[in-house]
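# Coordinate analysis (summary)
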Amino acid sequence: MERNLKELVAQMTLEEKAGMCSGLDFWHLKGVERLGIPSVMVSDGPHGLRKQDESGDHLGINDSIKAVCFPPAALSACSFDRELMHTFGDAIGKEAQAQNLSVVLGPAVNIKRSPLCGRNFEYYSEDPYLAGETAAAFIDGVQTHHVGTSIKHFAANNQEFNRMSCSSDVDERTLREIYLPAFETAVKKAQPYTVMCSYNKINGTFASENPWLLTDVLRDEWGFEGYVMSDWGAVNERVEGLKAGLELEMPTSYGINDREIIAAVKDGSLDEAVLDRAVERILRIVFLYWDNREEQDFALEADHALAKKIAEESMVLLKNDNVLPLNKNEKIAVIGEFAVKPRFQGGGSSHINSFKISSLMDALKEYENVTYIKGFSADEDCYEEALAQEALNAAKSADKVVICAGLPDSFESEGYDRSHMHLPECQNRLIREITAVQPETIVVLHNGSPVEIPWLSDVKGLLEAYLGGQAVGEAVADILFGNVNPSGKLAETIPYKLSDNPSYLSFGDGDHVTYNEGIFVGYRYYDAKEMPVAFPFGYGLSYTTFAYSNLTLDRNNVADEDTVTVTVDVTNTGSVKGKEIVQLYVSDLTGAARRPLRELKGYEKVSLKPGETKTVSFTLDYRSFAWYHTALHDWYAASGEYEIQIGASSRDIRLSEIVHLTTEKLLPIQTHLNTTLGELLSDERTAKYGLKLKKKMDAFFGGGAAADEDANDAEEAADEAVGDAMGDAIAFSMPMRGVLSFGLCTKEELQNMIDEMNQL
Ligand code: BGC
């Protein structure tokens, strides 16, 4: 149904319009009955519905309806599977439609800057490409039902400490390359109905009143068409926010901020057209949902089965020294309370009231040779002699041991960050004691963010289950017993220790947190530092093996507008069917800028029967090679060579090929008295000016090639060489004004050169 929204807005009073820009209560937008504008509801999100029919809160305190808790983002991202994420979104969209929800508050795509962030379990990855692709697929799935999403938290919200006041101080290149692209990809590929701005400031300005972020970048550059809503309570100055591009304040402001908007329009400090535009944007989305409502049927049980499938496709097998899969005939001791009381989701606004939960022991109840021993509590760090002794006895007499370890709820949650990366010490101790008596030990981890693994070399098997959603036990059981072949890969690096993490020295600082590590986040840092890690980004094992061959590019010479099609054959060389995640990284060999050693630019998950080969295909474009050039205000890939790397993980590159890129993009020339001769010489358009000044300097110092010829013995030649190298180095880093000190030209001459160059 076509609606004339401009006409509708024109019929609204100033009070009604201001009212549309904030919530009615915790979860509803206001309606205007006389004009047929409905009051619609929004709800968390992201990995299930937290619809509160009664008392509302944004911290997961009061009850919500019974729903399905799907795996949180930290796990589902490890599926590296766009189709699966689309199916996931589709299920959430259907549930939301059936529950009369206009918008689901998610997905959350903030980059995992540090393993300590309390909300990492809600976020996808340390890599912006993976986060963006995953989010776009999910959003598209939800929105097939005309239920909106609210991609969050926009932007640079990477810690919980002081989250409502702290400024994330990040340079523009880093924002563009690391913290914004997941949002950018989602907006460009899937047009989320809404974007949720974050609590924090960015470089001193609240995200909720940041015109650069909410308008210049989000709308003008990326083409966002929906409305921006605030995170719950993120509004600072309401009128400033409205001007900057924040259409909807959530939740209600109890009329306070509505009155500020009205007063600002009346006193002329807010153009009413800005308000009209905001209301129109909100109404467009309200009606996009409202006019497309349809009867929706969904079965909780069917969605539970989907939650299990997503968990199975995502859990990551990290170590397997011929200990898995388990056999039903083996005597298995399952130790650790997580086996009966699994930790499968995190605390806070995403906390789902699961309609049912399956633990590992629930899933194994038919397995006669499996016994459960508590060993330790899932809720606290407390070593109990009696429990431990019982576990040790059982471990000794079993064929194999499965220890269900993990982080208690209180160790990580929305609202606060972790202060360390350890498992509870009682668990580390018992794992060590058990492996001393039973070498056939497998650990299953339940955690929202990486933990240090001090006993890694003592165990034979390690399964990273993350937070597995309500079907966690069934998924773990099927993987352990080989009914399902694990196929997830890590969406983040697991470092050996916290201090290896690049943000270690600046994470969680007071009012301002400076992102000192810049673009070197996650594997971009660990690879540049050649640092050993416990498990690299993109890593994960299978019960089968895969071989890579036949890497081909449809072209090796690329111009700006070209795309490159990359194909590679992958073969299942083992004896069971399995899925491989093939990763494509690009490595810039031009040396034009400081860049990570490699960056993910493509991935595909492929299912293969034993012996089967499939060809996987990727498409790269100019942006795949580019970095963000702040002087150009655009993405830039210098002419030169780039390596296409195909890997089974970021540290397991199997095949590579070179492409030559030739760009016609010109960098802006902005020379001034402090531009160095080196900078002039490095750009062919200004090189002749640089050379002219360099020659003057060489002549002044009497150096250069002529002196070399006169050198008559080795020692003298070596001295000359050092002298030349030093002279060149000094000249290259000499600002143009430096030549004045040697009387080599006048300031006017320099200024003329500068003017000429800046005209080029
Ligand atoms: C969270 C959001 C959430 C909102 C509503 C806030 O505290 O940061 O992610 O959607 O509450 O519950």
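Conventions used here
Residues numbered from 1 in each chain as written. Predicted model: local features only at pLDDT ≥ 70, side-chain atom pairs only at ≥ 80, totals over all residues. Heavy atoms only, no water. Pairing = 2+ DSSP bridges. Helix = DSSP H or I, 4+ residues; strand = E, 2+ residues; numbered from the N terminus. Axes fitted to C-alpha atoms, helices over the stretch in contact; angles between N-to-C directions. Expected span 1.5 Å × (residues − 1). Buried < 20%, exposed > 50% of the residue type's maximum accessible area, 1.4 Å probe, protein only. Contact = heavy atoms within 4.5 Å. Near = heavy atom within 4 Å. Polar contact = N/O pair within 3.5 Å; in protein donor to acceptor, adjacent residues only side chain to side chain. Areas by Shrake-Rupley, 256 points an atom, 1.4 Å probe, with all protein chains shown as cover. Nonpolar A, V, L, I, M, F, W, Y, C, P; charged D, E, K, R; others polar. Patch = residues over 30% accessible without salt bridge, like charges linked within 9 Å, V, L, I, M, F, W, Y side chains within 5 Å. Salt bridge = Lys/Arg side-chain N within 4 Å of Asp/Glu carboxyl O. Lys, Arg positive; Asp, Glu negative; His and termini not counted. Charge placed at Lys NZ, Arg CZ, Asp CG, Glu CD.

### A word on the sheet that holds strand S11 (residues 332-335)
Pairing is mixed in the open sheet, where six strands are placed in the order S10-S16-S15-S14-S11-S13. At either margin of the open sheet sits one strand with a lone partner, and together these are strand S10 (316-320) and strand S13 (370-373). Going from strand to strand, the sheet's axes swing by 15° on average, the running direction of each strand aside. As defined by bridge partners, S11 adjoins S13 across four bridges and the pair is classed as parallel. Looking at the pairing, Ala-333 lines up with Thr-371 of S13.

### Regarding helix H12 (residues 300-314)
Between its first and last C-alpha atoms H12 spans 21 Å; for 15 residues at 1.5 Å apiece the expected length is 21 Å, and the two agree. Asp-303, His-304, Leu-306, Ala-307, Lys-308, Ile-310, Ala-311, Glu-312, Glu-313 and Ser-314 are the residues of H12 that are buried. Taken together, the buried residues of H12 touch helix H3 (73-76), helix H4 (82-98), S10, helix H16 (472-480), strand S21 (578-588) and strand S22 (599-608).

### Here's the deal with the site of the ligand
Near the ligand, the surroundings consist of 15 residues, among which Asp-44, Arg-119, Lys-152, His-153 and Asp-231 are the closest. Within the side chain of Arg-119, an N or O atom sits 2.7 Å from an oxygen atom of the ligand. For the ligand, whose unbound accessible area comes to 310 Å², protein coverage reaches 100%. When its residues are assigned to classes, the shell around the ligand shows five nonpolar, three polar and seven charged.

### Points about the sheet that holds strand S4 (residues 148-154)
Read from one edge to the other, the open sheet built from five strands follows the order S1-S3-S4-S6-S9, with strand pairing classed as parallel. The sheet is open, and its two borders are formed by strand S1 (42-43) and strand S9 (227-230), each paired with just one other strand. By the bridge criterion, four bridges tie strand S6 (residues 194-197) to S9 in an arrangement that is parallel. Following the sheet pairing, Met-196 is matched in S9 by Met-229. Across the sheet, helix H8 (residues 211-221) is in contact with S4, S6 and S9; its angle to S9 comes to roughly 150°.

### Some details on a negative patch on the surface
Together, Glu-380, Asp-381, Glu-384 and Glu-425 give the surface a local cluster of negative charge. Mapped onto the secondary structure, Glu-425 falls in helix H15 (residues 425-437).

In short, shape yes, function no, at least from these values alone.
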